[in-house]
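Coordinate analysis (summary)
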Amino acid sequence: VVLLHGFPEAAFVWDEVMALLGEDARCVAPNLRGFAGSTAPAEVSAYRAKHLVADMAALIEQLGAPLDVLVAHDWGGAVAWTLAVQRPELIKRLVIVNSPHPATFLRELKTNPEQIAASAYMNWLCRADAEERLRENDFARFWPFFCDDAGVAPAWLTEGVKQQYREVWSAGLTGGLNHYRASPLRPALAETDPIHALVLSDEAVTVRVPTTVLWGEADRALRPGLLEGLERWVPDLRIVRVPQASHWIVHEQPALVADTVRGLLKD
């Protein structure tokens, strides 16, 4: 089992899930390109999808393909969706945790005002001064990412977990932010923005790997519309909706994530 983290995370977010799966599988959670001391090229172009997918394909081949299960959250999910399209022979089963499929994400970013507004932060993270602004006052702009609509911090965000995040962010922010800067999938800034002309053919985004999508429906950044019509591009699909869970379901309900994976391993 390989587990891919998102932003602004690092591999440590899977610790509890891996501990729960330790008797069932060999688990590997890498730090993605640009995160937490992993290789971090300076050029934004080095974070385009083809390079991120090549990283994971090489890792899986080194570990011994095919994987029984690939689990991926947020940006890790973006990599996993494309890997499953391009290299399905490397993966027996895919588990996506709150990460939009590129076809539904593009559709919603073009047509759904709710998702456009929810994704506006992506353009802010692409600013040239984003690193500097995010470091200010003990990373004060990061902590609200984890809070609810009322600004209340979750119980899982203990001082120990906050320190783990501080250590990751202190190691460097540019690599993680470059994932956003290199991606064409973010809200349009003008009527002439290239996203309006972007078209994804069904062949280019259809996933032939059996896929389970575990989705916290209280995700403020990724709205439920992203799940609508997903079966068009993922024919072998099971969606597990978790009404009270947020984008940070890996922290909130590690046992649920582990049980989902364990069930697939037993199959």
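Residues numbered from 1 in each chain as written. Predicted model: local features only at pLDDT ≥ 70, side-chain atom pairs only at ≥ 80, totals over all residues. Heavy atoms only, no water.

**Section: the sheet that holds strand β4 (residues 211-216)**
Where we set the bar: DSSP-based pairing: two strands are paired if at least 2 bridges between them are found. Runs of E in the DSSP output that reach at least two residues are strands. Runs of H or I that reach at least four are helices, and both are numbered from the N terminus. All axes here are fitted lines through C-alpha atoms, helices being fitted over the stretch that makes contact, and every angle between N-to-C directions spans 0 to 180 degrees.
Pairing is parallel in the open sheet, where five strands are placed in the order β1-β2-β3-β4-β5. In this open sheet, the two strands that pair with only one neighbour each are β1 (2-4) and β5 (237-242). Direction aside, the axes of adjacent strands within the sheet are offset by 15 degrees on average. Bridge count between strand β3 (residues 94-97) and β4: four bridges; the pairing is parallel. Counted as the bridge partner of L94 is T211 from β4.

**A closer look at the pattern of salt bridges**
Cut-off, in case you're wondering: Salt bridges are identified by distance alone: a Lys or Arg side-chain nitrogen within 4 Å of an Asp or Glu carboxyl oxygen. Per-residue accessibility, obtained with a 1.4 Å probe over protein chains only, is compared with the maximum for each type, and a residue is labelled buried under 20%, exposed over 50%, and partly exposed between these values.
One pass over the full model with this rule turns up 18 salt bridges. Of the charged contacts in the structure, one is a salt bridge between R133 and D129, with a shortest N-O distance of 3.7 Å. The salt bridge partner of E136 is R141, with a shortest N-O separation of 2.7 Å. The class for E136 is partly exposed, based on a relative accessible area of 30%.

**A few points about the packing of aromatic side chains**
Heads up, the rule is: Centres within 6.5 Å are what make two rings of Phe, Tyr or Trp a pair, Trp counting through its six-membered ring; a difference in plane orientation under 30 degrees is then read as stacked, over 60 as edge-to-face, and the rest as tilted. The criterion is that NZ of a Lys, or CZ of an Arg, lies within 6 Å of the ring centre and within 35 degrees of the ring normal, and then a charge sits over that ring.
Throughout the structure, instances matching the rule amount to 18 aromatic pairs. With centroids separated by 6.4 Å and ring planes inclined at 45 degrees, the aromatic side chains of W143 and F146 adopt a geometry described as tilted. Considered together, W143 and F146 belong to a single accessibility category, that of buried residues. Consider the rings of Y165 and W169, whose centres lie 5.3 Å apart with planes at 40 degrees: the pair is tilted. One end of the pair, Y165, and the other, W169, are both in helix α8 (residues 159-170), four residues apart, so they sit about a helical turn from each other. We classify W169 as buried; its relative accessible area is 2%. Positioned over the ring face of W143 is K162, at 4.7 Å from the centre of the ring.

**Quick notes on the pairing of strand β2 (residues 70-73)**
To keep things clear, this is the line we draw: Look down the strands so they point away from you; if going from the first strand over the helix to the second traces a clockwise path, that crossover is right-handed.
Side-chain alternation along β2 places L70 and A72 on one buried face and V71 and H73 on a second face that is also buried. Two strands pair when backbone bridges link them, and β1 and β2 are joined in this way by three bridges, in the parallel orientation. Looking across to β2, one finds that V2 is bridged to L70. Handedness of the crossover joining β2 and β3 through helix α3 (residues 75-86): right-handed.

**What about the side chain of R33?**
Stated formally: Distance and chemistry together define a polar contact, namely a pair of N or O atoms within 3.5 Å, with one atom able to donate a hydrogen and the other to accept it when in protein, and with adjacent residues in sequence counting only for side-chain atoms on both sides.
Take R33: it is sitting in the loop between α1 (15-21) and α2 (49-63). The exposure class assigned to R33 is buried, which follows from its relative accessible area of 16%. At 2.8 Å, the side chain of R33 forms a polar contact with the side chain of D55.

**Quick look at helix α7 (residues 130-139)**
Applicable threshold: This arc describes the spread of directions from the helix axis toward the C-beta atoms.
Burial in α7 covers these residues: A130, E131, L134 and F139. The buried residues of α7 all sit within an arc of 100 degrees when viewed along its axis, so they share a single face. Exposed and oriented more than 90 degrees from the buried face of α7 are E132 and N137.

**Looking at the nonpolar core**
As a rule of thumb, soluble globular proteins bury nonpolar side chains together. Using the following cut-off: We call a set of buried Ala, Val, Leu, Ile, Met, Phe, Trp, Tyr and Cys residues a nonpolar core when their side-chain atoms join them within 4.5 Å.
Among the nonpolar cores identified, the biggest contains 85 residues, and W14, L70, V71, L83, L94, Y165 and W169 are the most heavily contacted of them. Take this core: its biggest share by element is seven residues, from α3.

**What about the side chain of T104?**
The following threshold applies: Residues are treated as being in contact if the distance between any of their heavy atoms lies within 4.5 Å.
Here T104 lies in helix α4 (residues 102-111). Polar side-chain contacts of T104 include one of 3.2 Å to the backbone oxygen of H101. In this view, T104 contacts L226, E228, L230 and W233; residues no more than four positions away in its chain are not counted.

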